[in-house]
Amino acid sequence: MNIKRLLTLTFAVLFIVSTLTACRKTPTDDSFVSSNTSDININYSNVEIVEDESEPESVVDTTSEANDNSSSNDTTSTESTVSVDEPNVNVNPDGIEIYGSGTATEPYIDTPNADTHTVKTLSIPAGKSVFYSIYRVGGRLLTINDANVFVVCDGTKYSAQDGKVTFKVADALASDAVTFEIGNTGASDKSFTITFADEQGSMANPTVINSLGAEVSLDLAEGNEVGHFYKYISEQSGTLKLYLLSGTEKGILLATNNRNSAQRSTESTEDGEVKSDDVGTYIELEVQKGDEIVIHVGSKPNKRGKYPATTIKWLAKY
C-alpha cells in the first residue's frame, strides 16, 4: 500500500473515532436517560424543611346568617306596615252613600239634595239620637215635619211644636259643615226628612212683588245686617221711581237691573242721583219690559257699628 493512501485511511479512522467520542459526551436526545439509579446519591443533611404554621383560612358559613337577616327583614317589614281602617260607609234612604257612624265624634257626613234641598236620615232607633254634619246649610231654615223629633244645634235644643221643628241655622260658609243631633222621641224606629230652605227675603229667596204702586212696610230686627231682598219683573218699559218714605236716617234702598247691572242707591253721592218730591226721597232706574229688578232694603249701622231695630216703608212706581 502506498504511503499516500495509508495516510488518507488513517485520517479517516481518526475522524470517525473523534466523532463518536463527541456524541457520547453531549447527548441531545431526551430519551437518553440512565436506567441505573444506584449511582445517584442524595444528601438530605443540608436540606431545611420549613413547615407552614399559619392556620388554614376558615370558611364562614353565611347560610344561617342570611336566613337570620331574612327573618329580621321580614319582621321589620311586618312591623312597619301601617293598618288603615276603612271609613264607615252607609246608604241613606235616597240610595246615596254617606260616611260616618252617626256618633258625636264621627257624625254622618251629608249634603242636601240639589233638587229637593232635603236630607233623609237613616233609621233612628226609638228613644235614640244620631249626629249629622251637613254642608251648605248655613243661614238657611231647617224644618222637620214630625211631632216625634228634636234637634240640637250649637248647644240649643229645638223640640217639636205643632207637629214640627223649625229654626234658622247660624250663618256658615258652604265649605263648612254644621253639626246637628237628631233625636227620635217616638216608640218605633224612624227616618226623618230634614228640609233646608233659604229664608224668605234672603238674596237666594227674595220676596216676589207682582205689581207696583202699593206702599211696603218692612220691620228689621235688631242686629239684622243683611236686610231684605225683593224681586220684581217689570211690566212695562220706562223710568222706575223707588221711594224711601220713612226711616231715611236709619235705612237704605238699593235697586239693580239684572239685565244690564245698572244700579241706583239712596246712599249715592253722585250729584242728582238721589232726588226728592212731595212724596219723598227717591231714585230712578231705566227699565225695559221683562227686566228682573232686585230691590234691597236694609238698615244702617249706628256709631257703635250695631244694627238697631228699624221699620222702613218704601214705594215703587212708574
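Examining the sheet that holds strand S6 (residues 140-144)
Two pairing modes exist for strands in a sheet, parallel and antiparallel, and in both the strands are linked by backbone hydrogen bonds.
Here is step 1: Taken in spatial order, the four strands make up an open sheet running S4-S11-S6-S9, and their pairing is antiparallel. Pairing within the sheet leaves two strands with one partner each, and these edge strands are strand S4 (118-120) and strand S9 (165-168). The sheet shows a mean angle of 15° between the axes of neighbouring strands, direction not considered.

Notes on unusual backbone geometry
Here is step 1: Non-glycine residue Arg 136 carries a positive phi angle of around 65°.
Here is step 2: Within the secondary structure, Arg 136 is located in the loop between strand S5 (129-135) and S6.
Here is step 3: Judged by its relative accessible area of 58%, Arg 136 falls in the exposed class.
Here is step 4: For Ser 261, which is not a glycine, the phi torsion comes out positive at approximately 65°.
Here is step 5: Considering the arrangement of structural elements, one finds Ser 261 in the loop between strand S16 (251-257) and strand S17 (262-265).

Remarks on the packing of aromatic side chains
Here is step 1: Following the criterion strictly, the structure yields five aromatic pairs and no others.
Here is step 2: Considering the side-chain rings of Tyr 243 and Tyr 282, the 5.0 Å spacing of their centres and the 45° angle between planes classify their relative orientation as tilted. Note that Tyr 243 is positioned in strand S15 (residues 238-246) and Tyr 282 in strand S19 (residues 281-287), a separation of 39 residues in sequence. Each member of the pair Tyr 243 and Tyr 282 is classed as buried.
Here is step 3: Looking at Lys 157, its charged tip hangs above the ring of Phe 150, at a distance of 4.4 Å from the centre.

Observations regarding the nonpolar core
Here is step 1: Formed by 24 residues in total, the largest nonpolar core has its most connected members in Tyr 132, Leu 142, Phe 180, Ile 182 and Phe 196.
Here is step 2: Going through the elements one at a time, S5, S6, strand S7 (149-153), S9, strand S10 (177-184) and strand S11 (193-198) are the ones with two or more residues in this core.
Here is step 3: Those residues within four positions of Phe 180 in sequence are excluded, and the remaining contacts are Val 130, Phe 131, Tyr 132, Ile 134, Val 137, Leu 142, Val 151, Val 152, Cys 153, Phe 167, Val 169 and Phe 196.
Here is step 4: Core analysis: the second largest hydrophobic core is formed by 19 residues, Leu 218, Leu 285, Val 297 and Trp 314 among them.

Thoughts on the sheet that holds S16
Here is step 1: Read across the open sheet, the five strands follow the order S12-S14-S20-S16-S17; overall the sheet is mixed. Across the chains shown, the open sheet's two edge strands, defined by having one partner strand only, are strand S12 (207-209) and S17. Taking each pair of neighbouring strands and ignoring which way they run, the sheet shows an average axis angle of 20°.

What counts and what doesn't
Residues numbered from 1 in each chain as written. Predicted model: local features only at pLDDT ≥ 70, side-chain atom pairs only at ≥ 80, totals over all residues. Heavy atoms only, no water. Pairing = 2+ DSSP bridges. Helix = DSSP H or I, 4+ residues; strand = E, 2+ residues; numbered from the N terminus. Axes fitted to C-alpha atoms, helices over the stretch in contact; angles between N-to-C directions. Buried < 20%, exposed > 50% of the residue type's maximum accessible area, 1.4 Å probe, protein only. Phe/Tyr/Trp six-rings, centres within 6.5 Å; stacked < 30°, edge-to-face > 60°. Lys NZ or Arg CZ within 6 Å of the ring centre and 35° of its normal. Core = buried A, V, L, I, M, F, W, Y, C linked by side-chain atoms within 4.5 Å. Contact = heavy atoms within 4.5 Å.

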